[in-house]
Amino acid sequence: MLASPHLHVDGTWVAPVDGGTREIRNPADGTVIAKVDEAGSVDVARAVAAARRAFDAGLWSTRPKEERAGLLVRVAELLGAHRNDVARIETLDTGKTLRESYIDIDDVIAVFRYYADLVARETDRLIDTGNPAVISRVVHEPAGVCALIAPWNYPLLQMSWKIAPALAAGATTVVKPSEVTPLSTIALTRLIERAGVPAGVVNLVQGDGAVVGAALTGASDVDLISFTGGASTGVAIARQAAEHVTRVALELGGKNPHIVFADADHDSAVDAVLTGVFLHSGQVCSAGTRLIVHESIADDFVAELARRAAGIRVGPGMDPSSQTGPLVSEEHRAKVEGYVALGIAEGAELVAGGRHPNDPRLASGSYYLPTIFDRCRRDMRIVQEETFGPILTVERFATEAEAIALGNDTSYGLAAGVRTGDPDRGERVVRALRHGTVWLNDFGPYTPAAEWGGFGRSGTGRELGPSGLAEYQESKHIWHNTTPAVGGWFSAGPTTPER
Ligand code: NDP
């Protein structure tokens, strides 16, 4: 599918020096779709050294911002020209439906275009010091060598949120996709190369997180680590980065509440709760996995959700009739099954799903049915921990204050949704929720121009928007005295009388 070799170091596609190969499987049926070269620690060291040389030589950072913007636009155009191929790769690798992959690719294109436009318009910040002889300005310089590490659920999308602003800023990069889903990142690297990026600016080293990821995040020549993935990996990376005082941006997990008041429009609320949690079989960091619903409507609302969930068509992502695909791997399905067993053991009431589909045509894939647990309590692990699967938990509330308290009762703080017909209540609740994105009468959309990131254990820093570019920049204050003169501080004689 993708011509080997698959590591990209210093502008050349190379075979691993001390890595190996991995079979990449289609989670829809378990078949092997590719054999991919994987890096070892020597390969990582070479990639970091290449990025360091390219950065220190100013191969990219000294190019005019218009030129950097032009490269991003060319990448967007190439992605558009290869949209079908890349979407197909993403579906075969992740299991998500082709429709979702097309949405992802279009979003990736939009992100490249957004950062091209943003960097082209960027200006220095002039500061009025009160001294007319001084020109004081803050300029933006690239952060240096950036390690970009992405997860498997949105491989291309998450990586584009990092690569596009890093290239816009003038940084050099070492890119590591998840070992499970490297194919679309290999394809993207080929397109960036075709767009004309100088050698050494984008280096690609896929492979096992514990080996390749750890070698990358421990490298002293890396100036910034941008990581999207699980909270425990994020903590390990932050610890490792502290050794070299390396800057770290972390986009971690979420346990996202979706609060439905009794005055919400019923049909659109049911629809949004289902889409919010079961899209991509729940393998979404911002999935609305915690339904918090007013007690007066809860019974009917949950019954309708359970009826509709049972009708969701689970199947191969390449089949246009599928509404959601398999989980990414057998290992991940086992983790999700463990959470369902835990929910039952904790006393939650299973009202939908909770098992594999019966359809024999799906027997060889990693499928799991949309699952709903009613009568959940905030202290249950199934309510507090990220399951990253198609599992919805239901809690009930009586008052607005209780809804807010439940919505904030999480160590995470990535995203939340509120549904109400009362605009004043909506405004009060969205302001009170401690989450990085809050949707009012909607759930899930984002735009490249608005910041994305989390409060609490959902991470540090922000991707997208102007902050997403600033993540890859250092601010430098330049103080220019246009009329140098003797200051006289150390001129002869005491300036204060002796006592
Ligand atoms: P992981 O934390 O397991 O892995 C994420 C990436 O880190 C992968 O590329 C992985 O490599 C790599 N990695 C693993 N161990 C290390 C290490 N010690 N040092 C450096 N890199 C390492 O997460 P998942 O891939 O399982 O992704 C799911 C998680 O991502 C969920 O928690 C989800 O919420 C979160 N996420 C957050 C988003 C956000 O915007 N906040 C968006 C999307 C997902 P490998 O896979 O090869 O082991």
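Residues numbered from 1 in each chain as written. Predicted model: local features only at pLDDT ≥ 70, side-chain atom pairs only at ≥ 80, totals over all residues. Heavy atoms only, no water.

Asker: What is the right way to read the packing of aromatic side chains from this model?
Answerer: Centre-to-centre distance and the angle between the planes together describe a pair of aromatic rings. Enumeration according to the criterion identifies seven aromatic pairs in this entry. Taken together, a centroid distance of 5.1 Å and an interplanar angle of 75° make the contact between phenylalanine 261 and phenylalanine 397 edge-to-face. With a gap of 136 residues between them, phenylalanine 261 in the loop between β12 (257-260) and α9 (266-278) and phenylalanine 397 in strand β16 (residues 391-397) connect regions that are remote in the sequence. With relative accessibility at 2%, the residue phenylalanine 261 sits in the buried group. Between tryptophan 439 and tryptophan 452, the ring centres sit 6.3 Å apart and the planes meet at 45°, which makes this aromatic pair tilted. Remark: tryptophan 452 occurs in the loop between β18 (437-440) and β19 (459-460) and tryptophan 439 occurs in strand β18; sequence separation between them is 13 residues. The pair tryptophan 439 / tryptophan 452 is uniform in exposure class, with both members buried. Three or more aromatic residues joined by ring pairs make a cluster, and in this case those are Trp161, Trp439, Phe443, Tyr446 and Trp452. (Phe/Tyr/Trp six-rings, centres within 6.5 Å; stacked < 30°, edge-to-face > 60°. Helix = DSSP H or I, 4+ residues; strand = E, 2+ residues; numbered from the N terminus. Buried < 20%, exposed > 50% of the residue type's maximum accessible area, 1.4 Å probe, protein only.)

Asker: It is not clear to me how the pattern of salt bridges should be interpreted in this structure. Could you clarify?
Answerer: Opposite charge on two side chains allows them to pair when their charged atoms are near. Taken as a whole and assessed by the stated rule, the structure comprises 28 salt bridges. Notably, a salt bridge pairs arginine 52 with aspartate 56, separated by 3.2 Å at the nearest N-O pair. Taken together, the residues span about one helical turn, with arginine 52 and aspartate 56 both in helix α1 (residues 41-56) at a distance of four residues. Judged by its relative accessible area of 54%, aspartate 56 falls in the exposed class. Glutamate 474 is the salt-bridge partner of arginine 247, the closest N and O atoms lying 3.5 Å from each other. With arginine 247 in strand β11 (residues 247-251) and glutamate 474 in strand β20 (residues 473-481), the pair connects residues that are 227 residues apart, well separated along the chain. (Salt bridge = Lys/Arg side-chain N within 4 Å of Asp/Glu carboxyl O.)

Asker: Help me out: how do you make sense of the sheet that holds β16 in this one?
Answerer: Sheet strands pair by backbone hydrogen bonding; their relative direction is either parallel or antiparallel. Read across the sheet, seven strands follow the order β14-β15-β16-β13-β12-β17-β18 without closing on themselves; strand pairing throughout is mixed. Strands at the two margins of the open sheet, each flanked by one partner only, are β14 (349-352) and β18. Between one strand and the next, the sheet's axes are offset by a mean angle of 20°, whatever the strand orientation. Relative to strand β17 (residues 415-419), β12 is paired through three bridges, and the arrangement is parallel. Residue isoleucine 259 lies in a different strand from β17, and its bridge partner there is valine 418. Across the sheet, helix α13 (residues 400-408) is in contact with β12, β13 (290-294) and β16; its angle to β16 comes to roughly 150°. Seen against the sheet, helix α14 (residues 423-432) touches β12, β17 and β18 and runs at an angle of roughly 165° to β18. (Pairing = 2+ DSSP bridges. Axes fitted to C-alpha atoms, helices over the stretch in contact; angles between N-to-C directions. Contact = heavy atoms within 4.5 Å.)

Asker: What's the story with unusual backbone geometry in this structure? I'm lost.
Answerer: Glycine aside, negative phi is the norm for most residues, and most peptide bonds take the trans geometry. Look at the link from serine 4 to proline 5: it is a cis peptide, with omega at -5°. Along the chain, proline 5 turns up in the segment before β1 (7-9).

Asker: Looking at this model, I keep getting lost on the sheet that holds strand β5 (residues 125-127). Mind explaining?
Answerer: Sheet architecture is open: three strands sit in the order β5-β6-β20, paired in antiparallel fashion. Each edge of the open sheet carries a strand with a single partner, namely β5 and β20. Taken over all neighbouring pairs, the strand axes of this sheet differ in orientation by 25° on average, direction set aside. The sheet contact formed by β5 and strand β6 (residues 134-142) spans three bridges and is antiparallel. Pairing of isoleucine 127 across the sheet is with serine 136, part of β6.

Asker: Is there a simple way to think about the pairing of strand β4 (residues 32-38) in this case?
Answerer: Sheet faces and side chains relate simply in a regular strand, where the side chains alternate between the two faces. Within β4, five of the seven residues are buried, leaving the element largely enclosed by the surrounding structure. Judged from the six bridges that link them, strand β3 (residues 20-25) and β4 form a sheet pairing that is antiparallel. Bridging from a neighbouring strand, arginine 25 pairs with valine 32 of β4. Between the antiparallel neighbours β3 and β4 lie six residues, among them glycine 30 with a positive phi of about 80°.

Asker: Looking at this model, I keep getting lost on the site of the ligand. Mind explaining?
Answerer: For the ligand, the set of nearby residues contains 29 residues, the closest of which are Glu179, Gly230, Thr233, Leu252 and Glu386. One of the backbone N or O atoms of leucine 252 is found 2.6 Å from a nitrogen atom in the ligand. In the complex, the protein chains occlude 87% of the 890 Å² of accessible area that the ligand would expose alone. Here the shell around the ligand gets three residues from one element, more than from any other, and that element is helix α7 (residues 209-217). Residue composition of the shell around the ligand, by class: 13 nonpolar, eleven polar and five charged. (Near = heavy atom within 4 Å. Polar contact = N/O pair within 3.5 Å; in protein donor to acceptor, adjacent residues only side chain to side chain. Areas by Shrake-Rupley, 256 points an atom, 1.4 Å probe, with all protein chains shown as cover. Nonpolar A, V, L, I, M, F, W, Y, C, P; charged D, E, K, R; others polar.)

Asker: Looking at this model, I keep getting lost on the nonpolar core. Mind explaining?
Answerer: Of all hydrophobic cores here, the largest spans 69 residues; its most connected members are Leu79, Phe112, Tyr115, Ile163 and Leu167. Mapped onto this core, the elements with two or more residues apiece are β4, α2 (65-81), α3 (83-94), α4 (98-121), β7 (145-149), α5 (155-169), α6 (183-195) and β9 (202-204). Not counting chain neighbours up to four residues away, the residues in contact with phenylalanine 112 comprise Leu72, Val75, Ala76, Leu79, Ser160, Ile163, Ala164 and Leu188. (Core = buried A, V, L, I, M, F, W, Y, C linked by side-chain atoms within 4.5 Å.)

Asker: What exactly am I supposed to notice about the layout of surface pockets here?
Answerer: One simple way to see leftover space: roll a probe sized like a water molecule over the atoms. In this structure, the second largest pocket encloses a volume near 1,000 Å³. Mapped onto the lining of the second largest pocket, the elements with two or more residues apiece are α4, α5 and α9. Ranked by residues supplied to the lining of the second largest pocket, first place goes to α4 with six residues. In terms of residue class, the lining of the second largest pocket is made up of 17 nonpolar, twelve polar and eight charged. (1 Å grid on protein atoms, 1.4 Å probe; cavity = no way out; pocket = protein on both sides within 12 Å on 5 of 7 lines; lining within 4 Å. Points joined across faces, edges and corners; volume = space filled by probe spheres on them.)

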